[in-house]
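Below are the chains, spelled out letter by letter.
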Amino acid sequence: MTQATSAEEIFTDAHHLYEQALRMLEQGDTRDAAEKAWCATLRSTDALIIARTGQEPETSRHTSQQLAELIHSDESVRMLRGRYYTSQRRLHGDCFYSGLCEPLADTTRLITETIEYIRDAEELAGVG
């Protein structure tokens, strides 16, 4: 694991990624928007982990593992679990990697609702 600069900086990065996702969505680029939204979800989860542990996960696998550990130690973090894995599976795996973005309305909803995940992670981290 590497020492992170700060959770706040990582959350700022997550917000920028989310804004990029919205711009791509407006341009009709659902596939890349889905990946940016997933990256925003991942980065905000990383920031939460940094805020709670002082360490930045090295890979998304580590992020998933550390999220599970946080959930085990703090029940309030559990509200993120389903949305994290849905974003990982639907936005990152299905839409971005496999090109399976249908139904578009559902994918668009998942992309736009990413801001709620970021805000919830910020609240859990005591940031924002």
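Residues numbered from 1 in each chain as written. Predicted model: local features only at pLDDT ≥ 70, side-chain atom pairs only at ≥ 80, totals over all residues. Heavy atoms only, no water.

A short note on the pattern of salt bridges
In total, this model carries ten salt bridges according to the counting rule given. For Asp120, the salt bridge identified is with Arg83, shortest N-O distance 2.8 Å. One end of the pair, Asp120, is in helix α6 (residues 114-125); the other, Arg83, is in helix α4 (residues 78-97), with 37 residues separating them in the sequence. Residues Asp106 and Arg109 are paired through a salt bridge, measuring 2.5 Å at the closest nitrogen-oxygen approach. (Salt bridge = Lys/Arg side-chain N within 4 Å of Asp/Glu carboxyl O. Helix = DSSP H or I, 4+ residues; strand = E, 2+ residues; numbered from the N terminus.)

Section: the nonpolar core
One recurring pattern in soluble globular proteins is that nonpolar side chains are buried together. The biggest cluster of nonpolar side chains holds 37 residues, and the ones touching the most others in it are Phe11, Leu48, Val77, Leu80, Leu91, Ile111 and Ile118. Elements that contribute at least two residues to this core include exactly α1 (7-26), α2 (30-53), α3 (60-73), α4, α5 (104-112) and α6. If one sorts the elements of this core by residue count, α2 sits on top with ten residues. Discounting chain neighbours no more than four positions away, the residues touching Leu80 are Leu48, Tyr117, Asp120, Ala121 and Leu124. (Core = buried A, V, L, I, M, F, W, Y, C linked by side-chain atoms within 4.5 Å. Buried < 20%, exposed > 50% of the residue type's maximum accessible area, 1.4 Å probe, protein only. Contact = heavy atoms within 4.5 Å.)

What to know about the side chain of Ser64
Residue position: Ser64 is located in helix α3. Those residues in contact with Ser64, other than ones at most four positions away along the chain, are Tyr84, Tyr85 and Gln88.

With respect to the state of the cysteines
Joining two cysteines, a disulfide is a covalent bond between their sulfur atoms. The full count for this structure, using the stated rule, is one disulfide. With its sulfur 1.9 Å from that of its partner, Cys95 forms a disulfide with Cys101. The disulfide joining Cys95 to Cys101 has a torsion of about 90° about its S-S bond and is therefore right-handed. Using a relative accessible area of 0% as the deciding quantity, one classes Cys95 as buried. With no disulfide of its own, Cys39 lies closest to Cys95 among cysteine sulfurs, the gap being 13 Å. (Disulfide = S-S within 2.5 Å.)

Re the environment of Glu116
Its location among the elements puts Glu116 in helix α6. In this structure, the C-alpha to C-alpha distance between Glu116 and Thr41, residues 75 residues apart in sequence, is 9.8 Å.

A few points about α5
Looking only at α5, the buried set comprises Thr107, Leu110 and Ile111. Viewed end-on, α5 has its buried residues packed into an arc of 100°, placing them on one side of the element. If you follow the buried residues of α5, they end up packed against α1, α2, α4 and α6. (Arc of directions from axis to C-beta.)

Quick look at the environment of Asp74
Topologically, Asp74 is positioned in the loop between α3 and α4. Along the primary structure Asp74 and Asp94 are separated by 20 residues, whereas in three dimensions their C-alpha atoms are 30 Å apart.

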